[in-house]
Amino acid sequence: MINHLILALRAFKQHAIFIVAALLLWSVARVLMLCFYYSERVTAVDGVATVLVQGVRFDVMTAGILVILPILVTLLLAPIKAVWPLLQRLLSGYFIAAFALVLFIELSTPSFISQFDVRPNILFVEYLKYPKEVIAMLTKAYTLDLVVAAVVVPFLSFCVWYFLRRCYSPQAPSFLGFVMAGPFILVVVLLVIRSSTGHRPANPSVVAFSSDLMVNSLALNSFYSVLWAIYSAKKDNKGTFAYGSMSEAEIIQSVKQEMYIADEHFTDATLPTLHRQTPRIKRDRPLNLVIILQESLGAEFVGSLGGLPLTPNIDALANEGLWFERFYATGTRSVRGIEAVITGFVPTPAQSVVKLQKSQRNFFTIAELLKMQGYSTTFIYGGESHFDNMRSFFMGNGFSHIIEEKDYKNPIFKGSWGVSDEDLLNKADEYFSEQGDKPFFSLVFSSSNHTPFEYPDNTIEQYDAEKGTVNNAVKYADYAVGQFIAKAKKSNYWNNTLFVIVADHNSRVYGSDLVPIERFHIPCLIVGADTQAMRYTKVASQIDLVPTLLSQMGIESEHPAVGRDLLRDDLVAVPGRAMMQYNDTQAYLEDDKAVIFQRGQKPELYNYVLAGEANSHERKLMQRTEHDAVNDEIFINKALAFSLWGALAYDAQSYRLPTQVLPAP
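In this report, the structure presented in the accompanying data block is examined. Every chain begins its residue count from 1, and numbering advances along the sequence as written. Local features are withheld for residues below a pLDDT of 70 in this predicted model, meaning they are given only at 70 or higher, and side-chain atom pairs are given and counted only at 80 or more; totals for whole chains, interfaces and linings count all residues. Side-chain calculation: all heavy atoms of the structure are included, whereas hydrogens and water are not.

1. Concerning the environment of Gly331
Moving on, step 1. In this structure, Gly331 sits in the loop between β3 (322–328) and α14 (334–343).
Moving on, step 2. On a C-alpha basis, the gap between Gly331 and Val346 in space is 10.0 Å, while along the polypeptide they are 15 residues apart.
Moving on, step 3. By definition in these notes, contact holds between two residues if any of their heavy atoms fall within 4.5 Å. Excluding residues that lie within four positions of it along the chain, Gly331 makes contacts with Arg336, His505, Phe520 and Gln581. Counting from the N terminus, the helices are the DSSP runs of H or I reaching at least four residues and the strands are the DSSP runs of E reaching at least two.

What follows is the structure, given as structure tokens:
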């Protein structure tokens, strides 16, 4: 009987070798990151022991997840003598493929963290949908990483295969041995995967021990973080998670109250936020609108916002129009910026509405509203408009025409993400000049300031000696904007057009705060037509653009956007506010006070204050030491209402115009 048991256990030698190899890989990778990459941030939160201990826990869990299927297959098929030789080879193939995948994701981790300040997550998977753009970006911006992966992955995979091959046995294990060993092995592996005696299995919230999300993520391994992201995304698509609970009536009441719209201006109980907006400025002919959405332009690159001197043209224009000094993006991706700027929709823990199924038709956008008022509506882009589902969303929600990469003849320069910003804005100028007296709206989306930071030679005086850097790309993007505005001022459309220059998000959002709010700080400028020079100093959000622009254009309208017309005289004393989504975390900022929501945890209140260094323009979150229980509860509930309202409005399909009729169920 002992011999039968020994033979049965030997059938799992390949499984054991894979587990050891995977655990060694994850442990070595984590130690290297702790020692050479992120030691200061880890020691700043006294996290070395936690990261290492919890790291082993999650590594063992992940190994269990990866071997559970091979274990079940082995238990079922190994006692069949005719199948045993083939089964051993199939198991080797599986383990080599699994190890190569785990290794590749781990090798990708430092580059991913450098960009997104967290271990690989759902973005790692989403980018795989666009192989053309991603391959071009990787080969140009991450050449060394690819070379290292091309050498290391085959070499270490071969080493694992060598040891797996040595485990082959001509003698199949007996059924009796599996009857004895099988239940024990299954129970152990399932307990390892669960890794908890509580009501729920262990998950990433276990390692949420500090306010630095990147450090917390180091306690995971990158295969697990990707796997968890995929699981969470599928679960969230069925019904996105919430940061708390509140009745539907309370949510709607709170959101409407913060819009500062008189009750009589709300027009439809079934579309709770639908309201009439009377513009501040009366015009015989409403203005055209051009929104130039700047890729990845954070405040730290903008001289007028206390950043590097990389945007001389935008800095000069800041003195000619309405310049926002504390303007914040709602997220860290382009689709999140598009969502806020074009629809005025609040950020949610789910994907942007640009990608969600229910919002592909009959979802409010400023394009739909203006199209109904006789405007020509166009999306102008230098790349392929299918990226991030933009084409589908735009064409289903008010955009009549799309200009994309294939529409540029003989461009000045073409890079990984399409034609250059000069080509883009030259095409925009050409298109606007052809419109004559017909009113038009265009969203012009730049791409030159995107990894791998490609732009034409001999156009700018480089800030960095090396060409392909974010600083140089920002400077080139600003150069292209300057060239365009100079042309526009001499054009037949300048006096009748409102121009908005606004970033979609920052190039890289990172930091030790739960939500690094300062990295959501972006430039926003409204210029053109009769716009007067003005500095707006209160907190403002991308979601405020839709009502502010409609009012400035002189548009009488009815729409569901919950942002505010920031220039209303009656809102002078009302504090500004902004909402920011950062992975599974959300911040609600009102002047210098913030509440942070984390998945499955209680909200935390902070003060948002200047960092303290001499001449510093940056701010940081500081835990509040004084509390006013009543006002704190009001503030938290207000923020919670906005965090819940997006999912509520999306699910009910109530964020639309009254003329957008939903199809019968």
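2. Looking at the nonpolar core
Moving on, step 1. Buried residues of nine kinds, namely Ala, Val, Leu, Ile, Met, Phe, Trp, Tyr and Cys, make up a nonpolar core once their side-chain atoms join them within 4.5 Å. Exposed residues in this analysis have more than 50% of their type's maximum accessible area, buried residues have under 20%, and partly exposed residues fall in between, with area computed by a 1.4 Å probe over protein chains only. In terms of nonpolar packing, the biggest core is built from 160 residues, with Leu289, Ile291, Leu370, Phe432, Phe441, Phe484 and Val502 touching the most fellow members.
Moving on, step 2. Here this core gets twelve residues from one element, more than from any other, and that element is helix α5 (residues 84–116).
Moving on, step 3. Not counting chain neighbours up to four residues away, the residues in contact with Phe432 comprise Val290, Ile380, Phe440, Ser442, Val444, Phe484 and Tyr493.
Moving on, step 4. In this structure, Val515, Phe520, Ala578 and Met580 belong to the second largest nonpolar core, which totals 18 residues.

3. What to know about the state of the cysteines
Moving on, step 1. What counts as a disulfide here is a pair of cysteine sulfur atoms lying within 2.5 Å. Inspection of every chain in the model, using the stated rule, returns zero disulfides.
Moving on, step 2. Unpaired in this structure, Cys159 has its nearest cysteine sulfur neighbour in Cys167, at a distance of 14 Å.

4. A short note on the packing of aromatic side chains
Any pair of aromatic rings gets described here by the distance separating the centres and the angle formed by the planes.
Moving on, step 1. Between the rings of Phe, Tyr and Trp (Trp by its six-membered ring), a pair exists once the centres lie within 6.5 Å; its type follows the angle of the planes, with under 30 degrees stacked, over 60 edge-to-face, and the other angles tilted. For the coordinates displayed, the defined rule picks out 39 aromatic pairs.
Moving on, step 2. Between the aromatic rings of Tyr476 and Tyr479, the centroid separation amounts to 6.1 Å while the plane-to-plane angle is 35°, which identifies the pairing as tilted. Of this pair, Tyr476 and Tyr479 both sit in helix α18 (residues 470–489), three residues apart, which is roughly one turn of the helix.
Moving on, step 3. Taken together, the ring pairs connect Phe345, Phe363, Phe364, Phe379, Tyr381, Phe393, Phe394, Phe399, Phe441, Phe445, Trp645 and Tyr655 into an aromatic cluster.
Moving on, step 4. The residue whose ring lies beneath Lys467 is Tyr455, and the NZ or CZ to ring-centre distance is 4.7 Å.
Moving on, step 5. Look at NZ for Lys and CZ for Arg. If either is within 6 Å of the ring centre and within 35 degrees of the ring normal, a charge sits over the ring. One residue, Lys593, lies across the ring of Phe635, its end atom 4.4 Å from the ring centre.

5. Here we look at the pattern of salt bridges
Moving on, step 1. Basic side-chain nitrogens of Lys or Arg form a salt bridge, by our definition, when they fall within 4 Å of a carboxyl oxygen of Asp or Glu. Under the definition given, this model contains 27 salt bridges.
Moving on, step 2. One salt bridge connects Asp530 with Arg283, and the closest N-O pair in it is separated by 2.9 Å. In this pair, Asp530 is assigned in the loop between β11 (524–527) and β12 (534–541) and Arg283 in the loop between β1 (275–277) and β2 (288–294), connecting sequence segments 247 residues apart.
Moving on, step 3. For Asp530, a relative accessible area of 39% puts it in the partly exposed group.
Moving on, step 4. A relative accessible area of 18% means that Arg283 is categorised as buried.
Moving on, step 5. With a closest N to O distance of 3.0 Å, Glu405 and Lys414 form a salt bridge.

6. Describing a nonpolar patch on the surface
Moving on, step 1. Grouping into patches uses exposed residues only, defined as over 30% relative accessible area, and leaves out salt-bridged ones; the cut-off is 9 Å for like charges and 5 Å for nonpolar side chains (Val, Leu, Ile, Met, Phe, Trp, Tyr). Using a 1.4 Å probe, accessible areas were evaluated by the Shrake-Rupley method; residue-level cover was limited to the displayed protein chains. Among the surface-exposed residues, Leu107, Leu144, Val147, Val148 and Val151 lie close enough to one another that they form a single nonpolar patch of about 420 Å² accessible area.
Moving on, step 2. Sorting elements by how many residues they give to the nonpolar patch places helix α8 (residues 143–165) first, with four residues.
Moving on, step 3. Using a relative accessible area of 45% as the deciding quantity, one classes Val147 as partly exposed.

7. Description of the pairing of strand β4 (residues 376–381)
Moving on, step 1. In terms of burial, β4 is a largely internal element, six of the six residues being buried.
Moving on, step 2. Where burial is concerned, the two faces of β4 agree: the one with Ser376, Thr378 and Ile380 and the one with Thr377, Phe379 and Tyr381 are both buried.
Moving on, step 3. Where β4 and strand β8 (residues 440–445) come together, six bridges link them in parallel fashion. The residue of β8 that forms the bridge with Thr378 is Ser442.
Moving on, step 4. Summarising the sheet, β4 and strand β5 (residues 401–403) pair through three bridges and their orientation is parallel. The partner of Ile380 across the bridge, within β5, is Ile403. Note on pairing: two strands pair once DSSP finds at least 2 bridges between them.

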